[in-house]
Every structure is written in C-alpha cells, then in structure tokens.
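Single-letter residue listing:
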Amino acid sequence: MIGKMFSDMMIKPGKSPVFETPEKYGLDYEDVTFKTNDGYTISGWLVKGRTDKVIIQSHFGVQCSRCGFTVEGKGMMEKSLWNSDIHFLNQVKYLVEDGYSVLMFDMRNHGESEHKGWITWGKDEREDTVAAIEYITNHNDYKNASIGLLSICMGQAASTFAFGLEPKMKQFKNLKAMISVQPLTYDYFLENMGLPMFLLNAGSKYSKNKRNTDLTGDSFLPYVKDIYVPTMVIQNSNDPMTDLDMVKQYYNDLIVEKKMLWLDLEKKRAAAYDWIGKNPEPVLDWFNKYID
C-alpha cells in the first residue's frame, strides 16, 4: 500500500541504531535513563566535563539516534540525506574539552529509548526535552549548572514546542541559551521532496487514519515567540529539503538576542549536521557568551 509506505518513511521508528559510544572518543560517561511526564523511558549518556555547565543535545528524527546517523539500512535516505555516517560525538568531544558536560539522549521511538508509538516531528517529543532538562536540574551533581540546548532539526522542533506548550519551561531559570539547527516543518519537508502530491496525501491520510498521527497543521512556528533564551539559528543555504523563507520567518519571529549563521555547503540537508562536528568555533562562541 502506497500510503503505508510513505507513512513508514516519515514517522515509523526503528531506523536509528546507537552505533558507537563515547568510549571510542576517550570520553568519560555514564548510561542514564529518565522518565517523561507522559510515561516514556528515555535512554541516553551523560558525558562528563565540569558540573557547572551542561549542554543538552537532541537529534533529528526517524533516521537518527543520540550518536548520529549511519547510512546502513536507510534506503533512499542513504543518497538524499547524506552519503556517510554523521558522528554527533565529534561536537560532544569539543564541548567536553571546553569544560561542558553533555547530556545526549534518544528521543522516544528512536535508538534505545522506549518504542510504543509513532514519530510526531517534535510535538510529542517536546516531553523528552522537558524531561532531559528536569533530569539535569534534579541531579545532585548538576542541579546548579547552567544549561544550553543544542537542538537539531526535529530536536529543535521539540524544543520550540516545549517553550510554547509546556508552562514548566518558564521555571528553568538555569536555561541560558539555545542553538537551533535547521528548523524544518513537516509540510515544507514534504513539499520539497519533489514527490507527487497524491503520494504525500496518501501517506498523511494513512498516518492519520491508521496510526492516529495527524501531522497536517502541527507546526512549531507559532511558538517561536515563546523562546526566552538567546538563540542562534544555523542553516545550510543550499539545503534542498526545506523552505528558506520559513527559516527566515523562524529567525525573524525570535524576540530574544539572536544570531543567524548561514552556511554554504553541499546541496544535502545533512551537510550542516556533519559540519557542526567539524567546526567548533561558532558553537563554542555562542554557548560561552551566555553560559557561565
């Protein structure tokens, strides 16, 4: 069935193995788990630097896990997204070397976190973001730490939804800054895949009717104004899977201290994700400016 095939491509979990660990990078870490308010068990790593400043990293969706992206088993995404593995532990290593501890976790229905539903492109996954912040703020060693969010694609959607839909976000006085990497809404992603509309409609209809996941109209853009921490947006200007006017709208709607970092990279969406791990200066400069 065509509808099921395209629904699987967009929201089916189980394509995101945890394929390496911080040990490979010479990093001190511990395996952690924590519960979301709506009952998911989230698995992650707490990679240890200093105890007074922490970065919480969240990943992109469907094809990804806490440690990044591996091309094996990705089908058509192997060609269209990126043509080699992406190692999120690259940026974790330079963050730790600069003194940060890093909490990196698998969002629900990804990696080793609990699987019991479908991917919602950030709306439900916002609960995972909130639970991660609570985990750090309630941790004996890190409860007084300043926190930054490194939120990538669906991870930034989850963070943005959290700022808008979760009142407790305003209680996190230790949350100091965010980097929002390549904002992407579901509708623009589908439009820019270049697929016939009848196929996209079939996938959306199957998701709604068979999997109780309605992604039409569930956009995080109305909640950008609720972000209350300084935010840098990073975007590849050659990204073929988004609408750059939407990215500009995201940036323009921010009412906090902000910076827009345009990259001129290969014409693949995941080029920016790979770039982050190899270019520490902009990331460190932004977090160091706002995190004590």
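Above this note sits the structure.
Residues numbered from 1 in each chain as written. Predicted model: local features only at pLDDT ≥ 70, side-chain atom pairs only at ≥ 80, totals over all residues. Heavy atoms only, no water.

A.B. asks: Kindly report on the overall build of the chain, identifying the contributing residues and their values.
C.D. replies: Per the secondary structure count, the chain includes 10 helices and 10 strands. Counting all 292 residues of the chain, 59% fall into the buried class. Nonlocal contacts in the chain, meaning residues at least 24 apart in sequence, comprise 79% of its contacts between residues at least 6 apart. Entry remark: accessible area of the chain is about 11800 Å², with carbon and sulfur atoms responsible for 47%. (Helix = DSSP H or I, 4+ residues; strand = E, 2+ residues; numbered from the N terminus. Buried < 20%, exposed > 50% of the residue type's maximum accessible area, 1.4 Å probe, protein only. Contact = heavy atoms within 4.5 Å. Areas by Shrake-Rupley, 256 points an atom, 1.4 Å probe, with all protein chains shown as cover.)

A.B. asks: Describe in detail helix α5 (residues 154–165), supporting the description with residues and values.
C.D. replies: Given 3.6 residues per helical turn, the α-helix brings residues three or four places apart onto the same face. Between its first and last C-alpha atoms α5 spans 16 Å; for 12 residues at 1.5 Å apiece the expected length is 16 Å, and the two agree. Of all 12 residues in α5, 10 are buried; the element is thus mostly enclosed. Of all the residues in α5, the buried ones are M154, G155, Q156, A157, A158, S159, T160, F161, A162 and F163. (Expected span 1.5 Å × (residues − 1).)

A.B. asks: Quick rundown of the sheet that holds strand β8 (residues 175–181)? Include the residues and the values.
C.D. replies: What the eight strands build is an open sheet, ordered β1-β2-β6-β3-β7-β8-β9-β10; its pairing is mixed. Strands with a single pairing partner mark the edges of an open sheet, and in this sheet they are β1 (29–35) and β10 (258–263). Across the sheet, the mean angle from the axis of one strand to that of its neighbour is 20°, orientation sign disregarded. Alignment of β1 against strand β2 (residues 41–47), held across seven bridges, turns out to be antiparallel. (Pairing = 2+ DSSP bridges. Axes fitted to C-alpha atoms, helices over the stretch in contact; angles between N-to-C directions.)

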